[in-house]
Amino acid sequence: MKIVTFPELGINLQVPQIAFSIFNINVYWYAVCIVFGVIVALILAKLSKEKFYIDYNQMLEIMLITLVFGVIGARIYYIIFNFEYYSQNIVEILNIKNGGLAIYGGIIAGMITIVKMCKKYDIKVLEFLDYIVPFVSIAQSIGRWGNFFNVEAYGSQTQSFLRMGIITEIGYTEVHPVFLYESIICLLIFFVLRWLQKNRKFSGEICFTYLLLYSFARFFLEGLRQDSLMFFGFRVSQILSLIIFIYSIISLCKNKIKQ
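Residues numbered from 1 in each chain as written. Predicted model: local features only at pLDDT ≥ 70, side-chain atom pairs only at ≥ 80, totals over all residues. Heavy atoms only, no water.

In this section: the overall build of the protein. When its secondary structure is counted, the protein shows nine helices and eight strands. Here the C-alpha atoms of the protein give a radius of gyration of 19 Å, agreeing with the 18 Å that 2.2 N^0.38 yields for 259 residues. In terms of its C-alpha atoms, the protein occupies a principal-axis envelope of roughly 55 × 45 × 40 Å. Residue burial in the protein is summarised as follows: out of 259 residues, 47% are buried. Accessible surface, the protein as shown: approximately 14,100 Å² in total, 68% of it carbon and sulfur. (Helix = DSSP H or I, 4+ residues; strand = E, 2+ residues; numbered from the N terminus. Rg over C-alpha atoms; globule rule 2.2 N^0.38 Å. Buried < 20%, exposed > 50% of the residue type's maximum accessible area, 1.4 Å probe, protein only. Areas by Shrake-Rupley, 256 points an atom, 1.4 Å probe, with all protein chains shown as cover.)

Attention now goes to the pattern of salt bridges. Going through the model one piece at a time under the given rule, you end up with nine salt bridges. A salt bridge links R163 to E8; its shortest N-O distance comes to 3.2 Å. Of this pair, R163 sits in the loop between helix 6 (145–150) and strand 5 (164–168) while E8 sits in the loop between strand 1 (2–6) and strand 2 (11–15), placing them 155 residues apart in sequence. A relative accessible area of 10% means that R163 is categorised as buried. In this structure E8 comes out as partly exposed when scored by relative accessible area, which is 42%. (Salt bridge = Lys/Arg side-chain N within 4 Å of Asp/Glu carboxyl O.)

Of all hydrophobic cores here, the largest spans 46 residues; its most connected members are M59, I114, F128, Y131, I132 and Y210. When contributions to this core are tallied by element, the ones reaching two or more residues are helix 1 (29–47), helix 2 (56–80), helix 4 (103–120), helix 5 (125–143), helix 7 (178–197), helix 8 (205–224) and helix 9 (236–258). Ranked by the residues each element gives to this core, the list is headed by helix 5, at nine residues. Sequence-distant contacts of M59, defined by excluding residues within four places in its chain, comprise L42, A45, I54, F128, Y131 and I132. By size, the runner-up hydrophobic cluster in this structure holds 13 residues, among which are V4, F6, V151 and I166. (Core = buried A, V, L, I, M, F, W, Y, C linked by side-chain atoms within 4.5 Å. Contact = heavy atoms within 4.5 Å.)

Written out as structure tokens, the structure reads:
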């Protein structure tokens, strides 16, 4: 059990990492949150009227395959930027019960998988992405709570209203609950994208808007985090966020001009 408090909200919690056990196999809350997020996303996608002429069963097959490769990509990305540690602890490479998945690695691997699968089924990639990215956002919002149970993805010390009290190697400290900020932002992005699905003006508008909004938010959130992946002294996620943000603006502007 780990102790987590939200002093201003009067919340004091003992947070377990293990949700339940099956035949002496522990199932961690981290995994439960990710799986629950995916299930909610797939249900909402099923109920959505805005499918852009894409068969739900084909979408389901593509997304399940994408999920597998997305998790693999997220893990590989994390390992690459923690290579010094994992090169000395090979056995830990497959151990993800304590986290160790990087969202941008999942997005990159997921995008590659979607492009390949859409080509197989002769589906327009941007149409497919416009259909599914709002639900990816809601899955992110729910999945981020896995970080809460692992007591990770937190930020620097703060006295803000939403500050979170945790026990670290230096003792009790109060920090930015960055996982919570990102969860709320992803939920808001979901609502924006769902509105946009009903008012779409061109193919790719929803996909590029998602990339624009998420990369913008992630750039600043990453600046708060204490566990950022680094590359030559720079935060990797901030570099990628900036690249994606610029790419998204250019893509949206080009399509606006074409109209």
